[in-house]
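What follows is the residue order along each chain.
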Amino acid sequence: MKKYNFSAGPAILPAPVLEKSAQAVSNWNDSGLSLLEISHRSKPFVEVLNKAESLATELLGVPEGYKVLFLTGGASSQFFMSAMNLLNPEDLAVYIDTGAWSTKAIKEAKLFGQIEVLASSKDTNYNYIPKTYDVPQNAKYLHYTSNNTIFGTQFKEEPSSNCPLISDMSSDIFSRPVDVSRHGMIYAGAQKNMGPAGTTLVIIREDLLGKVSRTIPTMLNYQTHIAKDSSFNTPPVFPIFVSMLTMEWVKENGGVEKMATINEQKAAVVYDEIDRNPLFKGTAAKEDRSLMNATFVLENESLGEKFMEDATAAGCVGLKGHRSVGGFRASIYNAMTMEGVETLRDVMKAFEQKHA
Ligand SMILES: *Cc1c(COP(=O)(O)O)cnc(C)c1O
């Protein structure tokens, strides 16, 4: 039976990407070898890495002066690496707190600099994006989480600020255009919208580096990885390869502008049904709703298990909401098809017929 994977992460990947990945694992390009058993310094793999870098640059319009890296340690390691590399102990950086991931980023950054939380939506269980705040003149950067995977909210535009932005784009990278030039740094764990778990995309403005007084361990210093083109040590070859294939797929399908248009259409199918159907209600403020993670609950919570059963019977999996929000979460990343979201909508409609 056909499955529609609404998991938040690791998450759905485009079907042709999975097929090509499987082929590369058993016999890559008719070489008689697996992609997994060749040297990361071999010409074929160096080409993969270069292609991944150039595709990211092209798709996001990364300007001169920035470096695209593929690192390990997840987006979670970027919470501390960013502050460690960019802040002296007395330097100020400001953060917008829009959920669990922002909170973790703030906690880690506090180990390395003076951190001020400009605004937070914690008071309402993070169901909206704060929009009013003053950025102090001396802030080195403003950090925000562009899409809040758990709470289902998303910045519709980049925050206004005089200082460079740093964004955790783990769950909406390549889902829409972004003005990289306003950012000092962008990072994203691969496993939401780019590839399998195991690599983290980092885009960093090189002139911001080398300005801190502390000693930085070699592996945690961005300059190490810049100098060695993400191959100071063995890079995560398979996650980089699959991410490269996904970026190729995004390009073949019209790039991030086209992704944004389709993502708007898919999200509209889900949210229109949440709003129309008297059995359900959305949890995020309408104007801040995420195009990637639609969070919703049943008015009558006791029907929850029944709804999950009906969804599963229709092939819709991965819909259970995060424990901090409850209810349901439909993650509708780039690779989710219109057919998938329409199937979910039809399950919700049929559920109304049975239980309204
Ligand atoms: C999943 C997620 C993370 C954590 O990523 P890891 O790669 O598991 O460290 C961080 N930020 C956001 C927005 C996420 O969705």
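Residues numbered from 1 in each chain as written. Predicted model: local features only at pLDDT ≥ 70, side-chain atom pairs only at ≥ 80, totals over all residues. Heavy atoms only, no water.

Here's the deal with the side chain of Asn 293
For step 1, the next point in the chain: Positionally, Asn 293 belongs in strand β12 (residues 293-298).
For step 2, the next point in the chain: Of the polar contacts made by the side chain of Asn 293, one reaches the side chain of Tyr 333; its length is 3.0 Å.
For step 3, the next point in the chain: The residues touching Asn 293, leaving out its near neighbours within four places in the chain, are Asn 147, Thr 149, Gly 152, Ser 171, Tyr 271, Arg 329, Ala 330, Ser 331 and Tyr 333. (Helix = DSSP H or I, 4+ residues; strand = E, 2+ residues; numbered from the N terminus. Polar contact = N/O pair within 3.5 Å; in protein donor to acceptor, adjacent residues only side chain to side chain. Contact = heavy atoms within 4.5 Å.)

A short note on the site of the ligand
For step 1, the next point in the chain: Around the ligand sit 13 residues in total, of which Ser 76, Thr 149, Asp 168, Gln 191 and Lys 192 are the nearest.
For step 2, the next point in the chain: At 3.0 Å from an oxygen atom of the ligand is found a main-chain nitrogen or oxygen belonging to Ala 75.
For step 3, the next point in the chain: In the model, an oxygen atom of the ligand is placed 2.6 Å from a nitrogen or oxygen of the Ser 76 side chain.
For step 4, the next point in the chain: If the ligand stood free it would expose 390 Å²; the protein chains cover 88% of that surface.
For step 5, the next point in the chain: Broken down by element, the residue count for the shell around the ligand peaks at 4 residues, all from helix α3 (residues 74-86).
For step 6, the next point in the chain: Its residues assigned to classes, the shell around the ligand shows 3 nonpolar, 8 polar and 2 charged. (Near = heavy atom within 4 Å. Areas by Shrake-Rupley, 256 points an atom, 1.4 Å probe, with all protein chains shown as cover. Nonpolar A, V, L, I, M, F, W, Y, C, P; charged D, E, K, R; others polar.)

What to know about the sheet that holds β12
For step 1, the next point in the chain: Strand order in the open sheet formed by 3 strands is β11-β12-β14, with antiparallel pairing between adjacent strands. One side of each edge strand has no neighbouring strand; the edge strands of this open sheet are β11 (280-282) and β14 (328-331). Ignoring which end each strand starts from, the neighbouring axes of this sheet average 35 degrees apart.
For step 2, the next point in the chain: The sheet contact formed by β11 and β12 spans 3 bridges and is antiparallel. (Pairing = 2+ DSSP bridges. Axes fitted to C-alpha atoms, helices over the stretch in contact; angles between N-to-C directions.)

Concerning the pattern of salt bridges
For step 1, the next point in the chain: All chains considered together, the criterion is met by 20 salt bridges.
For step 2, the next point in the chain: Across the salt bridge formed by Glu 273 and Arg 276, the nearest N and O atoms sit 2.7 Å from each other. Of this pair, Glu 273 and Arg 276 both sit in helix α7 (residues 255-276), 3 residues apart, roughly one helical turn.
For step 3, the next point in the chain: Asp 310 is paired through a salt bridge with Lys 354; the nearest N and O atoms lie 2.7 Å apart. Residue Asp 310 is found in helix α8 (residues 304-313), and its partner Lys 354 is found in helix α9 (residues 338-355); the two are separated by 44 residues along the sequence.
For step 4, the next point in the chain: One network of salt bridges, with partners in common, ties together Glu 273, Arg 276, Lys 349 and Glu 352. (Salt bridge = Lys/Arg side-chain N within 4 Å of Asp/Glu carboxyl O.)

So, the layout of surface pockets
For step 1, the next point in the chain: Empty space within the largest pocket amounts to approximately 260 Å³.
For step 2, the next point in the chain: Around the largest pocket, the lining is made up of 14 residues, and of these Lys 3, Ile 12, Leu 13, Ala 15 and Ala 335 lie nearest the centre.
For step 3, the next point in the chain: When contributions to the lining of the largest pocket are tallied by element, the ones reaching two or more residues are β1 (4-5) and α1 (15-26).
For step 4, the next point in the chain: Its residues placed into classes, the lining of the largest pocket shows 10 nonpolar, 2 polar and 2 charged.
For step 5, the next point in the chain: Counting the residues that make up the lining of the largest pocket, at least three belong to each of domain 1 (15-252) and domain 2 (254-355). (1 Å grid on protein atoms, 1.4 Å probe; cavity = no way out; pocket = protein on both sides within 12 Å on 5 of 7 lines; lining within 4 Å. Points joined across faces, edges and corners; volume = space filled by probe spheres on them. Domains from an automatic or database assignment.)

Quick notes on empty space enclosed by the protein
For step 1, the next point in the chain: Following the criterion strictly, the structure yields 1 cavity of 30 Å³ or more and no others.
For step 2, the next point in the chain: Counted as a void, the largest cavity has a volume near 40 Å³.
For step 3, the next point in the chain: Lining the largest cavity are Ile 12, Leu 13, Pro 14, Asn 193, Thr 246, Trp 249, Val 250, Asn 334 and Ala 335.
For step 4, the next point in the chain: Partitioned by chemical class, the residues of the lining of the largest cavity number 6 nonpolar, 3 polar and no charged.

Section: the nonpolar core
For step 1, the next point in the chain: The biggest cluster of nonpolar side chains holds 53 residues, and the ones touching the most others in it are Leu 142 and Phe 174.
For step 2, the next point in the chain: It is helix α6 (residues 237-252) that provides the largest number of residues to this core, a total of 9 residues.
For step 3, the next point in the chain: Ignoring anything within four residues of it in the chain, the contact list for Phe 174 reads Ala 56, Leu 59, Leu 60, Asn 193, Met 194, Leu 201, Met 247, Val 256, Met 259 and Asn 334.
For step 4, the next point in the chain: If you look at the next biggest cluster of nonpolar residues, it comprises 33 residues, including Ala 8, Ala 11, Phe 296 and Leu 298. (Core = buried A, V, L, I, M, F, W, Y, C linked by side-chain atoms within 4.5 Å. Buried < 20%, exposed > 50% of the residue type's maximum accessible area, 1.4 Å probe, protein only.)

Some remarks on the domain arrangement of the chain
For step 1, the next point in the chain: Segmentation of the chain into domains returns domain 1 (15-252) and domain 2 (254-355).
For step 2, the next point in the chain: Put simply, the middle of domain 1 and the middle of domain 2, counted by C-alpha atoms, are 27 Å apart.
For step 3, the next point in the chain: Between domain 1 and domain 2, the contact holds 28 residues from the first and 26 residues from the second.
For step 4, the next point in the chain: Carbon and sulfur atoms supply 52% of the area that domain 1 and domain 2 bury against each other, a total of about 2,100 Å² over both sides.
For step 5, the next point in the chain: Where domain 1 touches domain 2, the interface holds 2 salt bridges. (Buried area = accessible area lost by both parts, 1.4 Å probe.)

Focus: the packing of aromatic side chains
For step 1, the next point in the chain: According to the stated counting rule, one finds 11 aromatic pairs in the structure shown.
For step 2, the next point in the chain: Ring geometry for Phe 296 against Phe 328: centres 5.5 Å apart, planes inclined by 40 degrees, an arrangement best described as tilted. Note that Phe 296 is positioned in strand β12 and Phe 328 in strand β14, a separation of 32 residues in sequence.
For step 3, the next point in the chain: Take Phe 296: its relative accessible area is 0%, and that puts it in the buried class.
For step 4, the next point in the chain: A residue is classified by how much of its surface remains accessible, and Phe 328, at 5% relative accessible area, is buried.
For step 5, the next point in the chain: Aromatic rings pair up to connect Phe 280, Phe 296, Phe 307, Phe 328 and Phe 351 into one cluster. (Phe/Tyr/Trp six-rings, centres within 6.5 Å; stacked < 30°, edge-to-face > 60°.)

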